[in-house]
Amino acid sequence: MERGRDQIRQRRWGNNSARGTDEIASVLRKCWYRLRLSVRDPSRVPTWDAIVLTAASPEQAELYDWHLRRAKRLGRIASSTIILAVPDPDGARIGSGAATLHAIYALARHILQFEPMPPEVIEDKKENVSYVANRWSDADISSLSTVNFMFKRHILLLHAGGDSKRVPWANPMGKVFLPLPYLTADNPDGPVPLLFDHILAISSSARQAFKDEGGIFIMTGDVLPCFDASTMILPDNSGCIITVPITLDVAANHGVVVASNEGTIGDNYSLCYVENLLQKPTLEVLKKGNAILPDGRTLLDTGIIAAKGKAWAELVKIACSSSQTMILAFFRRQMCEMSLYEELVSAWVPAKHEWLRSRPLGEKLISALGKQRMFSFCAFELSFLHFGTSSEVLDHLGGHNSALVARRHLCSMSETTSCDIAASAVILSSKIAPGVCIGEDCLVYNSTLSGRVLIGSQSIVVGLDITCKKKQAEVDNSFLFALPDRHCLWEIPLIGSLGKIVVYCGLHDNPKVSVENGGTFGGKPWKKVLHCLHIQENDLWSSVGNQEKCLWNAKLFPILSLSDMLNISMWLTCSTTPNCENILSLWRSSHRSSLEDLHRLIDFSLLCNQSSNHQADLATEIARACLTYGLLGRNLSQLCEEILQKGTSGKEICKEFLAICPVRQDQTHGILPQSRAYQMQVDLLRACGDDSNSCILEQKVLTAVATETASAVNYGVEGDSSGFQQIRSLPEQRMNPKSNFHPKRAHIELPVRVDFVGGWSDTPPWSLERQGCVLNMAINLEDSLPIGTVIETTKSLGVLIMDDCEKQIFIEDVLSISAPFDKDDQFRLVKAALLVTGIVHHEILSNSGLKIQTWARVPRGSGLGTSSILAAAVVKGLLHLIEGDESNENVAKTVLVLEQVMGTGGGWQDQIGGLYPGIKCTYSFPVQPLRLQVIPLVASPELVLELEQRLVVVFTGKVRLANQVLQKVVTRYLRHDNLLIESIKRLATLAKLGRETLMNGDIDELGDIMLEAWQLHQELDPFCSNKLVDRLFAFAEAYCCGYKLVGAGGGGFALLLAKDAVYAQNLKQALKEFSDPDVKSHHIVTDEYNTQVQMEVCAVAPVEGSQSCIAGEQCYFHNKINILAASAIPSVLYVMSVSLMPLQSATVG
């Protein structure tokens, strides 16, 4: 759609306002969700082929490599992604534009040298008469095959080099790696998130925008652009710069983009040609350049640039060509720089060509790149978080973003009565001892503070290690160290034998501003500082040369003992006055360094080691406290990962913790669940490298969960610790072999269930410790109840079990049935039912036997709760025969135990879904015994009709058994994986909201709930979906307001909620066109009672292999429901609509 620029902007930008914290949090969580999926399953959610960081020096590149490896270890970069830090050549500052070309060239060279190459590149090299195996020249890099190979790759390039002059305390670590504790509460035992980690999350969404077409995505290391980058539209064969409307005062300090009068408009974006680029423009320049929008704002250059198609190909060509060496040599020789945001991008903007020709190598850039155009993709909802100054960093940790921030994370802190720490202070990865005072809105990171230390308000302290002996702190009430308000202080290790240095400045100091132009130190003008301290200019700056005198090159900071450096820092910042003459003399006689010098003196390797050891020490203290005093409320597995960064000593610490476990278990017996105590030992055994014993103990974890489940529903458990030997729900009754035979028969038929939301909150051990809530409904297939059993007594003793696949087993001695069962035992479901109902000890078997026949006319792995509902049918039938408690609630609880006995695990929602008719919302309460509350939804006829018209069910053709997922989820829960815990909490909350939504008749809102639930399911288990399911949902998205797989996912049935009745019909027709030509449609009959949900098949066709038995759960496909060929997009077995019918959920005869 082509619109005038004014029309576009008046429509969308006039009402644009700053996004709230909730929206930013939502965007970041969505991006982190995609990042985790892309790392866990890159075949489904594509990830970057390479992530490249630019660095100012080889030493800084070494530090960046460490951070990149850390990110891989933490699961933030996929194992298949190439990681590379590229320093400017020979330490020369060549600018971001030349650094971009150099990084692309360096990546190509790295791939040739260290990565497996595709056959076409190898063949191309072999054609060269001078071919030497495994040796690559510049000619190889510039070859067409190499360029074509690079052209197909997806590259993330992050500019992180250079000096962070406005954030000098971040200079040692690199500004992109400064701490940014957004969403830290989601993972309280994980490392402090860095700005880099959040950038990775945003960029992961951007990768999805490229789809399968190669390209490069360039970002800057001091900006976090909070938006859903997966929605970007990147034009083919072009460059694209990401922009956002911004006020003119902000634009004056950044780049501005002037967009074309015509473009394309979307709901939350515009896409236009770039007409001009302006750098830090004045108001007059903005007016003259037609850059001011109708609402008085302008387009901000966010620093994000994408190139794909021919634009990317030409960028690769110039980077990998022979001219690359000449370009770099020119910039080194001329001591000048090429900017990415001025020279390089200008080659794609015709209006800038005249200016560019006057720049070094401008003609070459125009010749190489000028054939393509640059677009502006304006993201209306983008929040531009710039970390350009120290005050901006604190601003982003407070104000309207404060709700995103965890103010205490991975800290070792004394009681609040021993310290004075402001509630608004952010304390990250630090040890704080008694006697420390920290003011409001401070940031303390990676530090150890003890003794009488005072940190003023709005101050930043990084890497500081002040360790004071306890006796000294108690005797001396004076402050050991005091930092005034609005100051930054950091400590860094130096190369060689220089030791460490303490560095400091004012929060608002600009190190680049000269003395003559109003530069400051500690927030005071230089002239005042020099006068108060009796310092001469020649003490700080050399009189040789014409270099401007500023904080950046002032030789202020002495290299002395820590106590002397702290005393001098208090003197220089005017926080103390005693012995000024002695301090001045000491300062003058010391060897001093400037901020400019420090970059060359930092020992980056030692900096990395100190950081790792500090994190490991903190994790050790937290884990020790958890084991010694607590109830294992921390994620010990995650803490052990950090402890093991200490190498051998870290493993010894874990062995020490392992020795504590038996004592801890004795102390917490009856309080701490045995399953959690076992899981703690499993994690510690793995940390100690003892995989064999950890695997053995894992089985005890599952057995403990089963025992705890049985106890929670008032079942007696006897037998050895390895499993259930005898489980009964009724008192053992003496068998009377002289009793007469009385024939009895039970015929049970049940529907299957479809869940809207809430699954996993019903599953032990969650449901034993926390409230659960599930919204689901019972359904029939093809006018029939698909699951059932017939159980009848026989005159001959013993038990005969038969399934619908013509398999059977006869058990002569029922007392021989015992758990645990072999996982390949096809009849373990019925055997477990015999145990948990107690019928094996009942007098009914003293003079009669049993014949048990079962069926389940449902596709294997359907996700419809087949196993649990079949178990409910068998349990209900057995309890009916012995006149036990066959109430639905008791049957549901009994099945909960049965599944633990079987070894498959499981919750209560499946059997509840089949035992109770219609749509219902079910709550569980973790009391003894476990209490279930089923609340049927009484819906209006209008709501029922709308649901019938809009709900569509599709069988995907893929099957997956839920027990394959359950063990992983249980393990994560027992470990206190907070991401999992919060996800299940949200699912339970969504179930409650879903009930309210249905009762209010807001079906569209139900669609949103289903979408969020589906996202949370993938957070719990990334493999609950697959490429086929993704394609199905992508295909159906245009028709639907909500969708999800039912059950645990991975395959089976998908539940789709169409936007309206017309969309539903169109969707079903569209799905048929992608299926077999023999598709048939069945009409839907609606009854006025609307008490039961029925599924009418809309697409069926016969294929070979329509029967299938599940081990322990007899199952086959309904005669009218057979598998279609699973090759089209989407691959669909059959499509069904929903109809509510007055059917009974069970029949007993």
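Residues numbered from 1 in each chain as written. Predicted model: local features only at pLDDT ≥ 70, side-chain atom pairs only at ≥ 80, totals over all residues. Heavy atoms only, no water.

To keep it simple, the criterion reads: UniProt positions are given in the numbering used here, feature names are shortened, and annotations may be inferred rather than shown by experiment.
Looking at an unreviewed UniProt entry, one finds the protein chain named Bifunctional fucokinase/fucose pyrophosphorylase and attributed to Zingiber officinale. Under the heading Sequence similarities (unreviewed entry), UniProt records this for the protein chain: "Belongs to the GHMP kinase family."

## Notes on the overall build of the protein chain
Going by this rule: Only DSSP runs of H or I covering at least 4 residues are called helices, and only runs of E covering at least 2 are called strands; the numbering of each starts at the N terminus. Partly exposed residues are those whose accessible area sits between 20% and 50% of the maximum for their type, while under 20% is buried and over 50% is exposed, using a 1.4 Å probe and protein chains only. In what follows, a contact means two residues having at least one pair of non-hydrogen atoms within 4.5 Å. Only the protein chains shown count as cover for residues, and all accessible areas are computed by the Shrake-Rupley method using a 1.4 Å probe.
Along the protein chain, the regular secondary structure elements total 38 helices and 46 strands. Burial status across the protein chain gives 59% buried among its 1149 residues. Partitioning the contacts of the protein chain with sequence separation of at least 6, the portion at a separation of at least 24 is 71%. If you sum the accessible surface of the protein chain, you get close to 45000 Å²; carbon and sulfur atoms cover 49% of it.

## Digging into helix H24 (residues 636-643)
Most of H24 is tucked away: 7 of the 8 residues are buried. Residues of H24 that are buried: Leu 636, Ser 637, Gln 638, Leu 639, Cys 640, Glu 642 and Ile 643. Here the buried face of H24 lies against helix H3 (58-73), helix H23 (604-628), helix H25 (648-667) and helix H26 (674-687).

## Overview of the sheet that holds strand S26 (residues 500-506)
Picture the strands of a sheet paired through backbone hydrogen bonds; they go either parallel or antiparallel. Definition in use: Here, strands pair whenever DSSP counts at least two bridges between them.
Here 6 strands make up an open sheet; going across it, the order is S13-S16-S19-S22-S25-S26 and the pairing mixed. Of all the strands in the sheet, the pair left with one neighbour each is strand S13 (408-409) and S26.

## Overview of the pattern of salt bridges
In a structure, side chains of opposite charge can pair up when their charged atoms sit close to one another. How we decide: The salt bridge criterion pairs a side-chain nitrogen of Lys or Arg with a carboxyl oxygen of Asp or Glu, the two atoms within 4 Å.
This model, assessed by the stated rule, comprises 39 salt bridges. Put simply, Glu 537 and Lys 549 hold a salt bridge, and the shortest N to O gap is 2.8 Å. Of this pair, Glu 537 sits in helix H19 (residues 537-540) while Lys 549 sits in the loop between H19 and strand S29 (557-558), and the two are 12 residues apart along the sequence. Taking the relative accessible area as the measure of exposure, Glu 537 reaches 32% and is therefore partly exposed.

## A few points about the nonpolar core
Stated formally: The nonpolar core is taken to be a set of buried Ala, Val, Leu, Ile, Met, Phe, Trp, Tyr and Cys residues, with the residues joined through side-chain atoms within 4.5 Å.
Ranked by internal contacts, the top residues of the largest apolar core, which has 149 residues, are Trp 169, Phe 196, Ile 438 and Trp 526. The biggest single contributor to this core is helix H8 (residues 195-210), with 9 residues. Excluding its chain neighbours within four sequence positions, the residues that come into contact with Phe 196 are Leu 53, Leu 68, Ala 71, Ile 77, Leu 158, Val 176 and Phe 177. Core analysis: the second largest hydrophobic core is formed by 111 residues, Trp 908, Leu 1020, Phe 1053 and Leu 1057 among them.

## Some points on the environment of Thr 220
The test is simple: Under the rule applied, a polar contact is a pair of N or O atoms within 3.5 Å (in protein, one hydrogen donor and one hydrogen acceptor; residues adjacent in sequence only if both atoms are side-chain atoms).
Among the structural elements, Thr 220 can be located in strand S5 (residues 215-220). It is 10.0 Å that separates the C-alpha atoms of Thr 220 and Thr 54, two residues lying 166 residues apart in sequence. Sequence-distant contacts of Thr 220, defined by excluding residues within four places in its chain, comprise Leu 158, His 159, Ile 199, Thr 302, Gly 303 and Tyr 341. Here Asp 222 takes part through its side chain, which lies 3.2 Å from a polar atom of the side chain of Thr 220.

## Overview of the pairing of strand S11 (residues 374-379)
Regular strands show a simple pattern: their side chains alternate between the two faces of the sheet. With 6 of 6 residues buried, S11 lies mostly within the body of the structure. Neither face of S11 is left uncovered, since the one carrying Met 374, Ser 376 and Cys 378 and the one carrying Phe 375, Phe 377 and Ala 379 both have all their residues buried. Bridge count between strand S7 (residues 239-246) and S11: 5 bridges; the pairing is parallel. Considered in S11, the bridge of Cys 240 is made with Phe 375. Here strand S9 (residues 269-279) runs beside S11; their pairing, made up of 5 bridges, is antiparallel. Looking at S11, one finds that Tyr 269 is bridged to Ala 379.

## Looking at the packing of aromatic side chains
Short version of the rule: When two rings of Phe, Tyr or Trp (its six-membered ring) have centres within 6.5 Å they constitute a pair, described as stacked for plane angles under 30 degrees, edge-to-face for angles over 60, and tilted for the intermediate range. The rule is short: NZ of Lys or CZ of Arg within 6 Å of the ring centre and within 35 degrees of the ring normal puts a charge over the ring.
Within this structure, the stated rule accounts for 17 aromatic pairs. On the basis of an interplanar angle of 15° and a centroid distance of 6.2 Å, the ring pair of Trp 48 and Phe 217 is categorised as stacked. Remark: Phe 217 occurs in strand S5 and Trp 48 occurs in the loop between helix H2 (21-40) and strand S2 (50-55); sequence separation between them is 169 residues. Phe 217 shares its class with Trp 48; the two are buried. Seen from the ring of Phe 925, Arg 931 lies directly overhead, with NZ or CZ sitting 4.2 Å from the centre.

## A look at the layout of surface pockets
The condition that has to hold: Buriedness of a pocket was judged along seven lines, with at least five required to meet protein on both sides within 12 Å; pockets are open sets of points on a 1 Å grid over the protein atoms alone, cavities are sets where a 1.4 Å probe fits but cannot get out, and lining residues have an atom within 4 Å of a point. Grid points are joined across faces, edges and corners, and a volume is the space filled by probe spheres set on the points.
Taken as a whole, the second largest pocket holds about 2000 Å³ of empty space. Forming the boundary of the second largest pocket are 45 residues, of which Lys 30, Tyr 33, Arg 34, Gln 1015 and Gln 1018 lie nearest the centre. Ranked by the residues each element gives to the lining of the second largest pocket, the list is headed by H2, at 9 residues.

## Some remarks on the side chain of Ser 260
Counting through the fold element by element, Ser 260 comes out in strand S8 (residues 255-265). A polar contact of 3.2 Å, which involves the side chain of Ser 260, links it to the backbone nitrogen of Glu 262.

## Here we look at the environment of Leu 947
Tracing the chain through its elements places Leu 947 in helix H33 (residues 941-950). The exposure class of Leu 947 is buried, given its relative accessible area of 5%. A sequence separation of 56 residues divides Leu 947 from Ile 1003, and the C-alpha atoms of the two residues are 7.8 Å apart.

## Brief notes about the packing of helix H35 (residues 978-999) against helix H36 (residues 1003-1020)
Using the following cut-off: To get an axis, a line is fitted to the C-alpha atoms, and for a helix only the part in contact is used. The angle between two axes follows their N-to-C directions and goes from 0 to 180 degrees. Working definition: roughly parallel below 35 degrees, roughly antiparallel above 145 degrees, roughly perpendicular at 65 to 115 degrees, and oblique for all remaining angles. Helix crossings get a hand from a simple test, with the near helix turned counterclockwise from the far one by less than a right angle marking a left-handed crossing and a clockwise turn marking a right-handed one. Only Asp, Glu, Lys and Arg are considered charged, only Ala, Val, Leu, Ile, Met, Phe, Trp, Tyr, Cys and Pro nonpolar, and every remaining residue, Gly among them, polar.
Two elements in contact, H35 and H36, have axes whose closest approach is 10 Å; the angle formed by their N-to-C orientations is 165°. Classified by the interaxial angle, the pair formed by H35 and H36 is roughly antiparallel. Where H35 crosses over H36, the two elements pack in a sense that is left-handed. Judged by residue contacts, Leu 979, Leu 980, Ser 983, Ile 984, Arg 986, Leu 987, Leu 990, Leu 993, Gly 994, Thr 997 and Leu 998 of H35 engage Glu 1005, Leu 1006, Ile 1009, Glu 1012, Ala 1013, Leu 1016, His 1017, Glu 1019 and Leu 1020 from H36. Partitioned by chemical class, the residues of the contact of H35 with H36 number 12 nonpolar, 4 polar and 4 charged.

## Notes on the pairing of strand S39 (residues 849-856)
In terms of residue burial, S39 counts as a mostly covered element, since 6 of its 8 residues are buried. Sheet topology places strand S37 (residues 799-802) next to S39; 4 bridges connect them, and they run parallel. Its bridge partner lying in S39, Met 802 is registered against Gln 853.

## Considering the packing of H26 against helix H27 (residues 691-712)
Packed helix pairs are specified by the crossing angle of their axes together with the interaxial distance, meaning the distance between the axes. The interhelical angle for the contact between H26 and H27, taken along N-to-C directions, is 165°, at an axis separation of 8 Å. Considered as vectors, H26 and H27 are oriented roughly antiparallel to each other. The element H26 and its partner H27 pack so that their crossing is left-handed. Touching Gln 674, Ser 675, Tyr 678, Gln 679, Gln 681, Val 682, Leu 685 and Arg 686 of H26 are Asp 691, Asn 693, Ser 694, Cys 695, Leu 697, Glu 698, Lys 700, Val 701, Ala 704, Val 705 and Glu 708, all from H27.

## Structural notes on the sheet that holds strand S24 (residues 481-483)
The 4 strands are arranged S15-S18-S21-S24 in an open sheet whose pairing can be described as parallel. Either end of the sheet is taken by a strand with one partner, and the two such strands are strand S15 (420-421) and S24. Two elements, S15 and strand S18 (residues 437-438), share 2 bridges in a ladder whose sense is parallel. Note that in S18 the partner of Ile 421 across the bridge is Ile 438.

## With respect to unusual backbone geometry
Across the chain, the bulk of peptide bonds are trans and the bulk of non-glycine residues have phi less than zero. With omega at 0°, the peptide bond leading from Ala 819 into Pro 820 counts as cis. With respect to the secondary-structure elements, Pro 820 resides in the loop between strand S38 (808-811) and helix H29 (828-836). Its identity as a non-glycine residue notwithstanding, Leu 410 has a phi of 50°, on the positive side. With a relative accessible area of 8%, Leu 410 lands in the buried category. A positive phi is found at His 976, a non-glycine position, where the angle reads about 65°. Take His 976: it is sitting in the loop between helix H34 (963-974) and H35. The class of His 976 is buried, set by a relative accessible area of 17%.

## Some remarks on the environment of Leu 194
Looking at the secondary structure, you find Leu 194 in the loop between strand S4 (154-159) and H8. Classification of Leu 194 as buried rests on a relative accessible area of 2%. Leu 194 sits 17 residues away from Phe 177 along the chain, and the two C-alpha atoms are 5.4 Å apart. If we ignore the near neighbours within four places in the chain, the residues touching Leu 194 are His 67, Arg 70, Phe 177, Leu 178, Pro 179, Leu 180 and Tyr 445.

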